[in-house]
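Each chain is listed here by its residues.
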Amino acid sequence: MSKDYSALVHGFMQSEIDALQEIDSSVTDNNYNDVIDTLLNIDGKLIFMGVGKSGLIGRKLAATFSSTGTPSFFVHATESVHGDLGMIQKNDTVVLISNSGETKEILAPIPSLKRIGTKLIAFTGKDTSSLAKQCDLTLVIPIDHEADKLNLAPTNSSTGVLVVGDSIACTVSELKGFTKENFATFHPGGALGKKLLKSQSV
């Protein structure tokens, strides 16, 4: 008996597309301008912090920002309070990611980060959350529900943060005048690096 699961796949995929469209309609929020201005004028490094799926997204965003001209790295929120806060300095900016804004592991390092003196940016789904209230800037990434039928697995929410973060990274990179030659310097490996370096030698 032949099976066709495409309807299910399409339904879940459409859920994520719908979530992104809702996020896109919220981009008029002036907080985007404030966050981008902050990242354009950062004196130190950009640090992403999260746990679980948010942590995985944070790792990817740190890699994207680094390769497009903004020095960045990821610090696991749980490890941060066991010594990794030593990697963070006063002139750095920290983006803390939590859809609920109530994740205890992401809230735990905030008092120490404030003592260090870093600027704190929240990527969260709720502007009334504890995370939002404790950060200097808050970027609300609205998600009504996750893609799965149980409304439990981080899907729409994690995709939303990824797309917002990637879009901000591209915006900052373009405003900085980041070039193909700059990208080749940071990404000399693989097929992409080979292609970029070859084009420079022509």
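Scroll up for the structure.
Residues numbered from 1 in each chain as written. Predicted model: local features only at pLDDT ≥ 70, side-chain atom pairs only at ≥ 80, totals over all residues. Heavy atoms only, no water.

Examining the overall build of the chain
Summing up its helical and strand segments, the chain has 10 helices and five strands in all. Against the compact-globule benchmark of 17 Å for 202 residues, the chain has a radius of gyration of 18 Å, which places it among compact chains. For the chain, the spread of C-alpha atoms along the principal axes amounts to about 55 × 50 × 35 Å. For the chain, buried positions account for 42% of its 202 residues. In the chain, of all internal contacts separated by at least 6 residues, the share reaching a separation of at least 24 is 69%. By element, 56% of the accessible surface of the chain is carried by carbon and sulfur atoms, the whole surface being about 11100 Å². (Helix = DSSP H or I, 4+ residues; strand = E, 2+ residues; numbered from the N terminus. Rg over C-alpha atoms; globule rule 2.2 N^0.38 Å. Buried < 20%, exposed > 50% of the residue type's maximum accessible area, 1.4 Å probe, protein only. Contact = heavy atoms within 4.5 Å. Areas by Shrake-Rupley, 256 points an atom, 1.4 Å probe, with all protein chains shown as cover.)

Re unusual backbone geometry
Residues apart from glycine generally show negative phi values, whereas peptide bonds are mostly found in trans. Phi at Asn151 is positive, roughly 55°, even though this residue is not glycine. Looking at the secondary structure, you find Asn151 in the loop between β5 (137-140) and α8 (156-176).

What to know about the packing of aromatic side chains
For the structure shown, the criterion picks out one aromatic pair. An angle of 40° between the planes, with centres 5.5 Å apart, marks the rings of Phe48 and Phe65 as tilted. Here Phe65 lies in helix α3 (residues 52-67) and Phe48 lies in strand β1 (residues 46-50), a separation of 17 residues in the sequence. The pair formed by Phe48 and Phe65 is uniform in burial state, with each residue classed as buried. (Phe/Tyr/Trp six-rings, centres within 6.5 Å; stacked < 30°, edge-to-face > 60°.)

What to know about the sheet that holds β1
Strand order in the open sheet formed by five strands is β2-β1-β3-β4-β5, with parallel pairing between adjacent strands. Pairing within the sheet leaves two strands with one partner each, and these edge strands are β2 (72-76) and β5. Neighbour to neighbour, the strand axes of the sheet diverge by 20° on average, direction disregarded. Note: strand β3 (residues 93-98) against strand β4 (residues 119-124), six bridges, orientation parallel. Looking at the pairing, Val94 lines up with Leu120 of β4. Sitting on the sheet, α3 is in contact with β1, β2 and β3, with an inclination near 165° to β2. (Pairing = 2+ DSSP bridges. Axes fitted to C-alpha atoms, helices over the stretch in contact; angles between N-to-C directions.)

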